[in-house]
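# Structure at a glance
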Amino acid sequence: MRVAEAFRAAFGADPRTVWRAPGRVNLIGEHTDYNDGFVLPFAVPWGVSAAVTPRADQTIRLLSLQSSGGPVELPAREEATGWARYAVGVLAMLGDRVAGADIAIDGDVPQGAGLSSSAALEVAVASALNDVHGLGLTPMEIALLSQRAENDFVGMPCGIMDQAASALCQEGHALFLDCRSLGSRNIPLDLAAEGLSILIIDTQVHHEHAGGEYAKRRAECESAARKLGVPSLRDVTDLAAALDRLQGAERKRVMHVVTENHRVEALIGLLRAGKVTEIGALLNASHLSLRDQYEVSSPELDVAVEAAFRGGARGARMTGGGFGGSAIALVPDARLDDVRASVTAAYAERGFQAPRFLSATAAKGAHRLA
Ligand code: GLA
């Protein structure tokens, strides 16, 4: 295993444990997690492997196979910068339950595609530390710890979806997660049996303002919930009455969040009824709502979604936080070439950088490699 070999070469001994955690795509339920709502992500085949040995002192030595140069040595947690913050943040959240550690990281999540490589890194490191220190954390506790590392150490106010997907997903299944109760169920996702695939269209564009806009959307939702007198937008039961009491951006955000929660439930109903092909319409509706009401799409995402649909997809939508990253399209296998050609042509016509296509199968969540 490459990460274990790199660990041995850098630190002179075998790692005590190696864990792998995947990235994710979200089938539906976007910008609902921090509104106590529903999400339906699945793990992708790409992820991060973390080889870890605890240390007796407070020093952290970190090596990434994706960064040039040798290991970074940090005498204290506060000194972490760049990608190291995601790993060190996990150590920081574990407080004095752990001391320092030697850590080697190897990742193959396509960078900038919005497939949650940072959550994969956090969950891989958290799972490995949980294992070597015998902390007895459940997968959900690992997800929550990882989310706190990202919220409080890295400073990105993300919800729980990405870390939960990375920690809890099962192969061949999507994860239906209630982000309030944190109850979850693995929903079988057998697309191949229906001759369907999920095609990931990576726009390869990531807009700089994404982080700031994310925090702004979150604040708008919280403000709208306060005005409506509910703990969170999850609790809006009468959408029409709620919309009457709001204006401008907040009105639009509420429209998206409430209808998106309904779409998650509707999509699960279709999956249960074996009507996989019909989920396409819900994907399209989700995209339009994210574009027009939540205003987190981008020209590249919109063109990808429209061109995929024109090329024969049953439905398509942006996935993840938005402002770049990836779209997903539900495509009959016989139309995959047509869809790729349609999106490629539409991008060329607009003068966009060529997109990258990836095929997503539902992979398994965090697991021990060695
Ligand atoms: C990002 C965040 C998630 C979630 C999505 C939008 O991926 O990390 O918590 O809010 O955006 O659904």
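Above: the structure in question.
Notes on the structure follow. (Residues numbered from 1 in each chain as written. Predicted model: local features only at pLDDT ≥ 70, side-chain atom pairs only at ≥ 80, totals over all residues. Heavy atoms only, no water.)

## Quick look at the sheet that holds strand S2 (residues 38-39)
Threshold: Only strands that DSSP links by at least two bridges are regarded as paired with each other. Helix and strand assignments come from DSSP, with helices taken as H or I runs of at least 4 residues and strands as E runs of at least 2, each series counted from the N terminus. In what follows, residue pairs with any heavy atoms lying within 4.5 Å of each other are defined as contacts. The convention used is that axes are lines fitted to C-alpha atoms, helices contributing only their stretch in contact, and that angles between N-to-C directions extend from 0 to 180 degrees.
Strand order in this open sheet of three strands is S2-S7-S8, and the pairing throughout is antiparallel. The open sheet has two edge strands, S2 and strand S8 (184-188), and neither has a second partner. Examined bridge by bridge, S2 and strand S7 (residues 173-178) share two bridges and lie antiparallel to one another. For Val39, the partnering residue across the bridge sits in S7 and is Leu177. On top of the sheet, helix H8 (residues 248-272) reaches S2, S7 and S8; it is set at about 45° to S8, its chief contact.

## As for the sheet that holds strand S11 (residues 324-332)
Pairing within the open sheet is antiparallel, and its four strands lie in the order S10-S11-S9-S12. Of all the strands in the sheet, just strand S10 (315-319) and strand S12 (356-360) have a single pairing partner and so form its edges. Adjacent strand axes in the sheet meet at a mean angle of 25° when their direction is disregarded. Across eight bridges, the pairing between strand S9 (residues 196-206) and S11 is antiparallel. Bridge assignment links Ile201 to a residue of S11, and that residue is Ala327. Seen against the sheet, helix H9 (residues 280-292) touches S10 and S11 and runs at an angle of roughly 40° to S10.

## Structural notes on helix H11 (residues 336-350)
Cut-off, in case you're wondering: Helix span, as expected, comes to 1.5 Å for every residue beyond the first. Burial classes: relative accessible area under 20% of the type maximum marks a residue as buried, over 50% as exposed, and values in between as partly exposed (1.4 Å probe, protein chains only). The arc refers to the directions leading from the helix axis to the C-beta atoms.
Spanning 15 residues, H11 covers 21 Å between terminal C-alpha atoms, matching the ideal 21 Å at 1.5 Å per step. Among the residues of H11, Leu336, Val339, Ser342, Val343, Ala346 and Tyr347 are the ones counted as buried. On an axial view of H11, the arc spanned by its buried residues comes to 135°, and they lie on one face. Opposite its buried face, H11 presents the exposed residues Asp337, Ala348 and Glu349, each directed more than 90 degrees away. Close packing links the buried residues of H11 with S9, helix H10 (299-310), S11 and S12. The positive-phi residue at the C-terminal boundary of H11 is Gly351, with phi of around 75°.

Remember, this is a structural readout, not a statement about activity or role.
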